[in-house]
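The chain contents come next:
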Amino acid sequence: MKRIVVLGAGESGTGAAILAKEKGFDVFVSDCGTITEPYRALLDQNGVQWEDGKHSEELILNADEVVKSPGIPLTAPLIQKLQAQGTPIISEIEFAARYTNAKMICITGSNGKTTTTSLIFYILKQAGLNVGLAGNIGNSLALQVAHENHDYYVIELSSFQLDNMYDFKADVAILLNITPDHLDRYDYKFQNYVDAKFRITRNQTADDAFIYWAEDPVIDRCLRTLRVNATLYPYGFTVPNPLPVGEDELALKGRHNVLNSMAATIAANVVGIKKDVIRESLKTFQGVEHRLQYVATVRGVRWINDSKATNVNSCWYALESMTTPTVLILGGKDKGNDYSEIDELVKQKCHTLVFMGLHNEKLREHFGKLKEQNGELEIIDTDNLHDAVQAAYHAAKEGDTVLLSPCCASFDLFKSYEDRGEQFMAAVRAL
């Protein structure tokens, strides 16, 4: 019996283990952290052996194949040992795709993935298709393949997931944009990250679709030298507009969401969705939690939760959409960020910056120089969310907006960007 070892017992790892068990493999799950109770229960219900708090090498290195959580870096010592002995290491998406013939609509990019993925899923559901939502959102693809039988899957893919996908093929691949992100996982080499993103086109043929933002300079540069076998579908402001509604009719506001809506429209067209369904869906979609989410108006000040802005470019889009003087709350786990990308928008839109990370040294150094150029810019340094919200409350004036758009990962103070956003909204509502 072939032995499958799953490293990491979050959503993707637990789903992969259950699918592997169902397919008759000898399955073992190992997580060096604590497996949460819902996932423990699922593993136990399905008769899957597991351990947490450690990695027992004697139970792992004898695997025929390893399914790795995307959160585990390739540089981890255990992964290095597995690679040295030639053990195949794959992602949960790669593993799950072996057991379904469903059409795969896959979305990646540095920003806009969750919004675009959710919008495409919404359009397909409105059209009455049998469709699942997977990847970084929804239930894991593996768990859905094990327990459900969808005809289509709309999958949000991170670069970490793409790193360990080899035979998987997207029927529709969407590359929204590429800006520096996660450079700490890619030897601080931007091209390594770019290469990971372009893996979404791997194994595609002329019968498949590759949808991409035509005006992204990185994508444009790569397409000049990289061979992509899929049929190309560019979108943007310099190519024919695919939208079946006017921009002012879109439920999602902001220039970046016009682009996201274009990508979703083309994907729906490729799948064969009727234009009237696409039109109505674009007008009624409700958006994504923690992405430019309105929280409350307190003392005449609007509070916006953009906790999903885990990189600088995502914060750029958030700032671009601000129409009132802004207090910007930012900070968290730095991933090799270049904050200069938002300098001009900070000058134009913000009168106060509030830092809230455990390690704000890089923020202080960068924006301290900006303050020297613009003496009216206020900088407030805190090391926790509660103090940051209080500082923003006192700094904001009636008619202002307080924007949480951190530019950084959440793992210095929070479990996830969702946890950060929930705590922010709770703190705002308590004002």
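Keep in mind the model is a prediction, meaning the values are calculated, not measured. (Residues numbered from 1 in each chain as written. Predicted model: local features only at pLDDT ≥ 70, side-chain atom pairs only at ≥ 80, totals over all residues. Heavy atoms only, no water.)

Enquirer: Before we move on, could you go through the overall build of the protein and cite the residues and values that matter?
Expert: Along the backbone of the protein there are 17 helices and 17 strands. If you line up the protein on its principal axes, its C-alpha atoms span 70 × 50 × 40 Å. In the protein, which comprises 431 residues, the proportion classed as buried is 55%. In the structure as shown, the protein presents an accessible area of about 18100 Å², 48% of it carried by carbon and sulfur atoms. Positive and negative side-chain charges in the protein, numbering 43 and 56 respectively, have mean positions lying 3 Å apart. (Helix = DSSP H or I, 4+ residues; strand = E, 2+ residues; numbered from the N terminus. Buried < 20%, exposed > 50% of the residue type's maximum accessible area, 1.4 Å probe, protein only. Areas by Shrake-Rupley, 256 points an atom, 1.4 Å probe, with all protein chains shown as cover. Lys, Arg positive; Asp, Glu negative; His and termini not counted. Charge placed at Lys NZ, Arg CZ, Asp CG, Glu CD.)

Enquirer: For the side chain of Thr116, give the residues involved together with the corresponding values.
Expert: Turning to its location among the elements, Thr116 is positioned in helix α6 (residues 113-126). On the accessibility criterion, Thr116 (0% relative accessible area) is buried. Reaching out from Thr116, the side chain makes a polar contact with the backbone oxygen of Gly112 at a distance of 2.8 Å. Setting aside chain neighbours within four positions, we find Thr116 in contact with Ile107, Leu176, Asn260, Ala263 and Ala264. (Polar contact = N/O pair within 3.5 Å; in protein donor to acceptor, adjacent residues only side chain to side chain. Contact = heavy atoms within 4.5 Å.)

Enquirer: Outline the nonpolar core, supporting the account with residue identities and numerical values.
Expert: In terms of nonpolar packing, the biggest core is built from 52 residues, with Phe95, Leu141, Ile155 and Phe210 touching the most fellow members. Aside from chain neighbours lying at most four places away, what touches Leu141 is Glu92, Ile93, Ala96, Met104, Ala134, Tyr153 and Ile155. Membership of the second largest hydrophobic core comes to 38 residues, among which are Val131, Leu133, Ile137 and Leu282. (Core = buried A, V, L, I, M, F, W, Y, C linked by side-chain atoms within 4.5 Å.)

Enquirer: Describe the packing of aromatic side chains, and please don't skip the residues or the numbers.
Expert: According to the stated counting rule, one finds ten aromatic pairs in the structure shown. For the pair Phe210 and Tyr212, a centre-to-centre distance of 5.3 Å together with 20° between the ring planes defines the contact as stacked. By relative accessible area, Tyr212 is classed as buried at 12%. Their ring planes at 45° and their centres at 6.1 Å tell us that Trp303 and Phe424 sit as a pair that is tilted. Highlighted residues: Trp303 in strand β13 (residues 301-305) and Phe424 in helix α17 (residues 417-429), separated in sequence by 121 residues. Relative accessible area serves as the criterion here: at 0%, Trp303 is assigned to the buried category. Classification of Phe424 as buried rests on a relative accessible area of 0%. Sitting over the face of the ring of Tyr393, Arg299 holds its NZ or CZ atom 4.7 Å from the ring centroid. (Phe/Tyr/Trp six-rings, centres within 6.5 Å; stacked < 30°, edge-to-face > 60°. Lys NZ or Arg CZ within 6 Å of the ring centre and 35° of its normal.)

Enquirer: Provide a residue-level description of the pattern of salt bridges, including the pertinent values.
Expert: Scanning the entire structure with this criterion turns up 14 salt bridges. Between Lys169 and Asp171 there is a salt bridge, with its nearest N and O atoms 3.4 Å apart. Of the residues examined, Lys169 reaches a relative accessible area of 29% and is grouped as partly exposed. Judged by relative accessible area, which is 17%, Asp171 ranks as buried. For Asp334, the salt bridge goes to Lys362, with nearest N and O atoms at 3.5 Å. Of this pair, Asp334 sits in the loop between β14 (326-330) and α14 (343-349) while Lys362 is found in helix α15 (residues 361-373), placing the two residues 28 residues apart along the sequence. Overall, the relative accessible area of 36% leaves Lys362 in the partly exposed class. The structure contains a network of salt bridges with shared partners spanning Lys103, Lys169, Asp171 and Asp208. (Salt bridge = Lys/Arg side-chain N within 4 Å of Asp/Glu carboxyl O.)

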